[in-house]
Amino acid sequence: MRQAALIAGAAATALVAAGAITYAVAGDDGGGRTPSAESADAGFARDMAVHHQQAVEMSYIVRDRTKDEEVRRLAYDIAQTQANQRGMMLGWLDLWGLPKVSSEPPMTWMDMGGMASGKDGALMPGMATNTELKKLGELSGRQAEIFYLQLMTDHHKGGVHMAEGCVDKCTVGVEKRLAQGMVDAQQSEIGLMADLLKERGAAPRP
């Protein structure tokens, strides 16, 4: 049952991505307006691209550290989905002629530029530190599975918070729809990861 739900979730995410690409190509409800570099649209695209890149990195690390098919399948789905979404957001920045980096702190577009200290590589809420990534790469088997699921649960919670911010603040329709798709998919995966942790005698980090 859980595998079917996971497959269904991945399929739904793929449909969201495909729909987003279609709308973007068609210039859906853009009205000819290009977001500014300081806009929520640009800020979300920049920040979430960075956030997604770490999720991809963590997912590929754990796929090399465990033989558990359920965790490997989840990690593969997360890596593929977030890599595709990252490419879309960077593509929009190119289309808008906007920089992919900013001198402002991350989350400034949400009026939360000081929320994450950036200490040890954790640039935004939910992001793992460099020390945690190193530890993940040193673990194996069940220990790696548990630590990955805990890190990714935190990561998804931070991502959901950011995506909800875009749903509220972004003005480009296609981007708002992609952000809502992220909220729905990642909340579903948080529930799945809680189940996987429970099976392993563990729980999300407090």
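Residue numbers here run from 1 along each chain, matching the order of that chain's written sequence. Reporting in this predicted model follows two pLDDT cut-offs: at least 70 for local features of residues, and 80 or more for side-chain atom pairs to be given and counted; totals over whole chains, interfaces and linings ignore these cut-offs and use all residues. The basis for every side-chain value is the complete set of heavy atoms in the structure, and neither hydrogens nor water enter the calculation.

K.L.:
Help me understand the nonpolar core in this model?
P.N.:
With 29 residues, the main nonpolar core has F44, M48, M89, W92, L93, A163 and M182 as its most contacted residues. Only DSSP runs of H or I reaching four residues or more are called helices, and only runs of E reaching two or more are called strands; each is numbered from the N terminus. When residues of this core are traced back to their parent elements, those giving at least two are α2 (40-63), α3 (69-96), α5 (141-169) and α6 (173-199). Any two residues whose heavy atoms approach within 4.5 Å at even a single point are treated as in contact. Aside from chain neighbours lying at most four places away, what touches A163 is F44, M48, A179, M182 and V183. By nonpolar core is meant a set of buried Ala, Val, Leu, Ile, Met, Phe, Trp, Tyr and Cys residues that side-chain atoms within 4.5 Å join together. Each residue is placed in one exposure class: buried if its accessible area under a 1.4 Å probe, protein chains only, is under 20% of its type's maximum, exposed if it is over 50%, and partly exposed if it falls in between.

K.L.:
Is there a simple way to explain the pattern of salt bridges in this structure?
P.N.:
For side chains of opposite charge, pairing can occur when their charged atoms come near one another. Salt bridge, as used here, is a side-chain nitrogen of Lys or Arg placed within 4 Å of a carboxyl oxygen of Asp or Glu. Here the structure, examined in full by the defined rule, presents 9 salt bridges. Here D111 ties to K169 by a salt bridge, and the two come within 3.9 Å at their closest N and O atoms. Here D111, found in the loop between α3 and α4 (130-138), pairs with K169, found in helix α5; they are 58 residues apart in sequence, far enough to count as distant. D111 gets classed as exposed once you look at its relative accessible area, which sits at 68%. Take K169: its relative accessible area is 34%, and that puts it in the partly exposed class. Among the charged side chains, a network of salt bridges with common partners joins D68, E145, E199 and R200.

K.L.:
How should unusual backbone geometry be read in this particular structure?
P.N.:
Leaving glycine aside, a negative phi is the common case for residues, and trans is the common case for peptide bonds. The phi torsion at M107 lies on the positive side, around 75 degrees, for a residue other than glycine. Looking at where M107 falls in the secondary structure, it is placed in the loop between α3 and α4. Of note, the phi angle at D111 is positive, near 60 degrees, even though the residue is not glycine.

K.L.:
Where do I start with the side chain of H155 in this structure?
P.N.:
In this fold, H155 is placed in helix α5. Residue classification places H155 among the buried residues on the basis of a relative accessible area of 1%. When sequence neighbours within four positions are dropped, the list of residues in contact with H155 reads H51, Q54, A55, M58, G126, M127 and A128.

K.L.:
Looking at this structure, how should I read the packing of α2 against α6?
P.N.:
Between two packed helices, both the angle of their axes relative to each other and the distance between the axes serve to describe the pair. For helices, the axis comes from a line fit to the C-alpha atoms of the stretch in contact; other axes are also lines fit to C-alpha atoms, and the angle between any two N-to-C directions lies between 0 and 180 degrees. Two numbers describe how α2 lies on α6: the axes approach to 11 Å, and their chain directions differ by 35 degrees. In terms of crossing hand, the pair formed by α2 and α6 is left-handed. Facing α2, whose interface residues are D41, F44, A45, M48 and H52, α6 presents E175, A179, M182 and Q186. The nonpolar class holds Ala, Val, Leu, Ile, Met, Phe, Trp, Tyr, Cys and Pro. Asp, Glu, Lys and Arg form the charged class, and all remaining residues, Gly among them, are polar. Broken down by class, the residue content of the contact of α2 with α6 amounts to 5 nonpolar, 2 polar and 2 charged. A clockwise turn of the near helix away from the far one marks a right-handed crossing, whereas an anticlockwise turn of less than a right angle marks a left-handed crossing.

K.L.:
Help me understand the confidence of the model for the chain, please; the structure alone is not making it clear to me.
P.N.:
Detailed reading of the predicted coordinates is not advisable wherever pLDDT falls low. Here the chain averages 88 in pLDDT, while 82% of its residues score no lower than 70. Think of pLDDT as the predictor's per-residue confidence, scored from 0 to 100. When the criterion is pLDDT under 50, residues 3-8 qualifies, and its contacts beyond four places in sequence or with other chains add up to 6 contacts. Note on residues 10-28: pLDDT under 50 across the span, and 17 contacts to partners over four residues away in sequence or across chains.

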